[in-house]
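Residue strings, one per chain:
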There are 2 protein chains.
Amino acid sequence: MSVTHSSDSETLLTPSEVATLFRVDPKTVTRWAKSGKLSSIRTLGGHRRYRESEVRELLTGVPQQRADER
Amino acid sequence: MSVTHSSDSETLLTPSEVATLFRVDPKTVTRWAKSGKLSSIRTLGGHRRYRESEVRELLTGVPQQRADER
DNA sequence: TCTTAATGGGGTAATTCGGGGA
DNA sequence: TCTGTCCGAATTACCCCATTAA
């Protein structure tokens, strides 16, 4: 038995969820990702997922924390 | 922080656990396995289990290490 | 053995992808 | 320059019910 401080359990958001938060079209979010303004993780099928903490920070200007660091 | 019962060489994840990591439906993970994008191990009842190291690598793009190699 | 949640298979609706043009 | 929209194709989500896992 071992105890691990889990490395990365980051909540991810879908393109439409991010788009809703910014009141923007999902396609615009895709462009932000392609231009490097927003980092993204890809599903095995090629769809993008976005880090919630990064999105929140961009929305509020306040650095966010992950649940597993709290 | 997580507690792992390690004595095995490879930690296995359930479909729902993998789905949560990718922010995807469990059925989608099943499709990845069927199409060969993700390798899977079957329980004797036919349910799929996935290698954590493989999932982590696909998520981050960084090769992971097993606890018994560290 | 019993209960409950999760998974599998199949089918269909919704979302996202990429490119291109307004 | 930035965003919204149209298109076809691909991927993913949600619905059912039977079986398996815990």
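Here the residue index of a chain counts from 1 through its sequence in written order. Going through the entries in the order they are written, you letter the chains from A and number the ligands from 1. It should be noted that, the model being predicted, local features are given only for residues of pLDDT at least 70 and side-chain atom pairs only at 80 or more, the latter also being counted only at that level, while totals for whole chains, interfaces and linings use all residues. The side-chain values count all of the structure's non-hydrogen atoms but skip hydrogen atoms and water molecules.

S.K.: Explain the protein's contact with DNA strand D to me, and be specific about the residues and the numbers.
M.R.: For each residue, the test is whether any non-hydrogen atom lies within 4 Å of the molecule or strand; if one does, the residue is near. Lining the immediate environment of DNA strand D, one finds 23 residues, of which T28(A), R31(A), T43(A), D25(B) and T28(B) sit closest. Near the protein, meaning within 4 Å, the atoms of DNA strand D are sugar or phosphate in a fraction of 72%, with bases accounting for the rest. At a separation of 3.0 Å, a phosphate oxygen of DNA strand D approaches a polar backbone atom of G45(A). Elements are defined by DSSP. Helices are runs of H or I of four residues or more, strands are runs of E of two residues or more, and each kind is numbered from the N terminus. Elements represented by at least two residues in the surface near DNA strand D include exactly helix 2 (26-34) of chain A together with helix 2 (26-34) of chain B. Under the scheme applied here, ten amino acids are nonpolar (Ala, Val, Leu, Ile, Met, Phe, Trp, Tyr, Cys and Pro), four are charged (Asp, Glu, Lys and Arg), and all others, including Gly, are polar. In the surface near DNA strand D, the residues fall into four nonpolar, eight polar and eleven charged. Contacts described as polar in this section are N or O atom pairs within 3.5 Å, which, within protein, must combine one atom able to donate a hydrogen with one able to accept it, while residues neighboring in sequence count only if both atoms come from side chains.

S.K.: Go over helix 2 of chain B with me, naming the residues and quoting the values.
M.R.: All names here are of chain B. For each residue, the accessible area found with a 1.4 Å probe, counting protein chains only, is set against the maximum for its type, and the residue is called buried under 20%, exposed over 50%, and partly exposed in between. Residues T28, V29, T30, W32 and A33 constitute the buried set of helix 2. Note on definitions: a residue-residue contact is assigned when non-hydrogen atoms from the two residues lie within 4.5 Å. On its buried face, helix 2 is in contact with helix 1 (15-22) and strand 4 (48-51). With a side-chain oxygen lying 2.9 Å from the backbone nitrogen of K27, the N-terminal cap of helix 2 falls on D25. Immediately beyond the C-terminal end of helix 2, within one or two residues, lies G36, with a positive phi of roughly 85°.

S.K.: Please provide a residue-by-residue account of the sheet that holds strand 3 (residues 41-42) of chain A, values included.
M.R.: Within the open sheet, the three strands sit side by side as 2-4-3 (chain A). Their pairing is antiparallel. Each end of this open sheet is capped by a strand with a single partner; those strands are strand 2 (12-13) and strand 3 of chain A. By the convention used here, strands pair only if DSSP detects at least 2 bridges between them.

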